[in-house]
Amino acid sequence: MRALVLRGFGDAAVEDVPDPIPGPGEVVIDVACVQPSVTECMLLAGAPVAMHDTLARRLVAGPTRFGGHEFAGVVGVVGPGVDPAWKGARVTAVETAACGRCAACRRDRPDACPSPAVLGFTGPGAFAEQVRVPAKTLVRVPAKVDAAEAAAVQPLAGAIHGHAAAGVRPGDAVLVIGAGVMGVLHVQVARHGNAGLVMATGRSPAKRDLAARAGADLVIDAADDVAAAVLEATDGIGADVVFECAGEGTFELAARCVRRGGTIVMVSVLPAGAPAPLALLRERSVALLHPRSGAGGYAPGSGAFEHALRLVERGDVDVAALISHRLAGIEALPEALAITGDKRRYGALGPAQVDVFDWDRA
Ligand SMILES: [Zn+2]
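Computed from a predicted structure; not experimentally measured.

Enquirer: How would you sum up the packing of aromatic side chains? Please name residues and give values.
Expert: Per the counting criterion, the structure on display carries one aromatic pair. Over the face of the ring belonging to Trp 86 we find Arg 140, whose NZ or CZ atom lies 4.6 Å from the ring centre.

Right, here's the structure in full:
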């Protein structure tokens, strides 16, 4: 099959690799649609975020496969011990699977597992014509949801987790900083959750328009005095919950916009050594939360994915609005990475998707 192979930072190409073979409890999925995440683009380019050091060590040993956890496809080959009914099913998959063997997993704390398998990160992912995953991570895609939408639900599942982590109470004033993919998804989830007033900030007019259409009551130009606008809209109190989805030095802004005793949820992936307004957080008794890594929670635990797919199926959340660039064929992966890694330059709203095959014609 054809798959993306990484030879060095910034040096990825589609090449021939052996077809994956499912082991016990595993399946191989024919990838119909896949989209890169911004984090993957940063890591592939060599940015010092998240798993950079691990990836750097792997590259010293030679070319490696990396990335591809936001995808949808059709189960092709079913491994030993897997229900054969999965064959032919339209699916996506929870990207993180706890090891099932360590002390944390044995104590029913899979979210504390120190060595979970993460699709595309700890092993080959869906930047390929076929991807091998544990059957326990599979999530069925409803008939009314197409492959492009299904490939885009992983970040939505993450937003659902982030919203739940914040414990948003009925009528809470919510501020979403940043109107990129995660920001717009958080606005939509807040709109369908408990939030009362939903506020959002964005830099570009197109993104602010997207945030407004996603259901934000108040959309603030990021170039304006955001804190003043938030205080005015909340009777001088500040937002009950702030979701930080911009990741560009806006942590301090979040700390000024949140109310005393409020909550900031750090959605953005931050570089090592990113500055934090600790004194301000302490002075204002602000709780700082982080969504747990793994958008679906750790498998088994596909509830957030199933909920995300139902929201899309019912038309409650519009993930298609974020899809501005669709490319045809697996060979377009490097182009999709370039677009997603520099969305501003290409005028992209969300990640560029790659349509590998049409599952309606399969
Ligand atoms: Zn474990």
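Enquirer: Summarise the packing of helix 1 (residues 38-45) against helix 12 (residues 333-341); cite the residues concerned and give the values.
Expert: Contact geometry of helix 1 with helix 12 gives a least axis separation of 9 Å together with a crossing angle of 105 degrees. Looking at the two axes, helix 1 sits roughly perpendicular to helix 12. For the pair helix 1 and helix 12, contact is made by Val 38, Cys 41 and Leu 44 and by Leu 337, Thr 340 and Gly 341, respectively. Each residue belonging to the contact of helix 1 with helix 12 can be placed in one class, and the counts come to four nonpolar, two polar and no charged.

Enquirer: Lay out the environment of Phe 127 with the relevant residues and their values.
Expert: Inspection of the secondary structure assignment puts Phe 127 in the loop between strand 7 (117-118) and strand 8 (130-134). Among the residues examined, Phe 127 registers a relative accessible area of 1% and is labelled buried. Linking Phe 127 and Gly 193, residues 66 residues apart in sequence, is a C-alpha distance of 33 Å.

Enquirer: Explain the coordination of the zinc ion to me, using residue names and the numbers behind them.
Expert: Geometry reference: four tetrahedral donors at a metal, ideal angle 109.5 degrees. Six octahedral donors, ideal angles 90 or 180 degrees. Note on the zinc ion: its protein donors are Cys 99 (SG), Cys 102 (SG), Cys 105 (SG) and Cys 113 (SG). The metal-donor distances range over 2.3 to 2.4 Å. Classification of the site at the zinc ion rests on its four donor atoms, whose angles at the metal span 104 to 116 degrees, yielding the label tetrahedral. Positions of the donor residues of the zinc ion, expressed as sequence spacing, correspond to C-x2-C-x2-C-x7-C. In this pair, the class of Cys 99 matches that of Cys 105, namely buried.

Enquirer: How would you sum up the sheet that holds strand 10 (residues 174-177)? Please name residues and give values.
Expert: Overall, parallel pairing links the six strands, which are arranged 12-11-10-13-14-15 in an open sheet. Lying at the two open borders of the sheet, with one neighbouring strand each, are strand 12 (218-221) and strand 15 (287-289). The mean angle between the axes of side-by-side strands here comes to 20 degrees, regardless of whether they run parallel or antiparallel. The sheet contact formed by strand 13 (residues 239-244) and strand 14 (residues 258-266) spans five bridges and is parallel. Paired with Ala 239 across the two strands is Val 258, which belongs to strand 14. Against the sheet, helix 7 (residues 205-213) touches strand 11 (198-202) and strand 12, its axis set at about 165 degrees to strand 12.

Enquirer: Now, about the pattern of salt bridges: what can you tell me, with residues and values included?
Expert: Tallied over the entire structure, the rule returns 16 salt bridges. Note that Arg 259 is salt-bridged to Asp 240, the shortest N-O span being 2.5 Å. Of this pair, Arg 259 sits in strand 14 while Asp 240 sits in strand 13, placing them 19 residues apart in sequence. Its relative accessible area of 14% is what places Asp 240 among the buried residues. Between Arg 361 and Asp 358 there is a salt bridge, and its shortest N-O distance comes to 3.5 Å.

Enquirer: Give me the lowdown on the packing of helix 5 (residues 153-166) against helix 11 (residues 303-313), citing residues and values where you can.
Expert: Interaxial distance between helix 5 and helix 11 falls to 8 Å at its minimum, and their mutual angle equals 110 degrees. Classified by the angle between their axes, helix 5 and helix 11 sit roughly perpendicular to one another. Crossing geometry of helix 5 relative to helix 11 is assigned as right-handed. Between helix 5 and helix 11, the contacting residues are Val 153, Gln 154, Leu 156, Ala 157, Ile 160 and His 161 on the first element and Ala 304, Phe 305, His 307, Ala 308, Leu 309, Leu 311 and Val 312 on the second. Tallied by class, residues from the contact of helix 5 with helix 11 come to ten nonpolar, three polar and no charged.

Enquirer: Break down the nonpolar core for me, citing the residues and quoting the values.
Expert: With 53 residues, the main nonpolar core has Leu 156, Val 174, Leu 185, Phe 243 and Trp 359 as its most contacted residues. Structurally, this core is a two-domain feature, drawing no fewer than three residues from each of domain 1 (2-152 + 296-355) and domain 2 (157-289). Contacts of Val 174, omitting those with residues within four sequence positions, involve Val 168, Ala 190, Ala 195, Leu 197, Val 198, Met 199, Val 241 and Phe 243. With 42 residues, the next largest nonpolar core counts Leu 4, Phe 66, Ala 93 and Ala 126 among its residues.

Enquirer: Explain unusual backbone geometry to me, using residue names and the numbers behind them.
Expert: For Asp 108, which is not glycine, the phi torsion reads 60 degrees and is therefore positive. Along the chain, Asp 108 turns up in the loop between helix 3 (103-106) and strand 7. Positive phi, normally seen in glycine, also occurs at Asp 235, with a value near 55 degrees. Residue placement: Asp 235 occurs in the loop between helix 8 (226-233) and strand 13. A residue is classified by how much of its surface remains accessible, and Asp 235, at 73% relative accessible area, is exposed.

Cut-off values and rules
Residues numbered from 1 in each chain as written. Predicted model: local features only at pLDDT ≥ 70, side-chain atom pairs only at ≥ 80, totals over all residues. Heavy atoms only, no water. Phe/Tyr/Trp six-rings, centres within 6.5 Å; stacked < 30°, edge-to-face > 60°. Lys NZ or Arg CZ within 6 Å of the ring centre and 35° of its normal. Axes fitted to C-alpha atoms, helices over the stretch in contact; angles between N-to-C directions. Helix = DSSP H or I, 4+ residues; strand = E, 2+ residues; numbered from the N terminus. Parallel < 35°, antiparallel > 145°, perpendicular 65-115°, else oblique. Contact = heavy atoms within 4.5 Å. Nonpolar A, V, L, I, M, F, W, Y, C, P; charged D, E, K, R; others polar. Buried < 20%, exposed > 50% of the residue type's maximum accessible area, 1.4 Å probe, protein only. Donors = N, O, S within 2.8 Å, 3.2 Å for Na, K, Ca; no water. Tetrahedral: all angles 85-135°; square planar, octahedral: opposite > 155°, others 65-115°. Pairing = 2+ DSSP bridges. Salt bridge = Lys/Arg side-chain N within 4 Å of Asp/Glu carboxyl O. Left-handed = near helix turned anticlockwise from the far one by under 90°. Core = buried A, V, L, I, M, F, W, Y, C linked by side-chain atoms within 4.5 Å. Domains from an automatic or database assignment.

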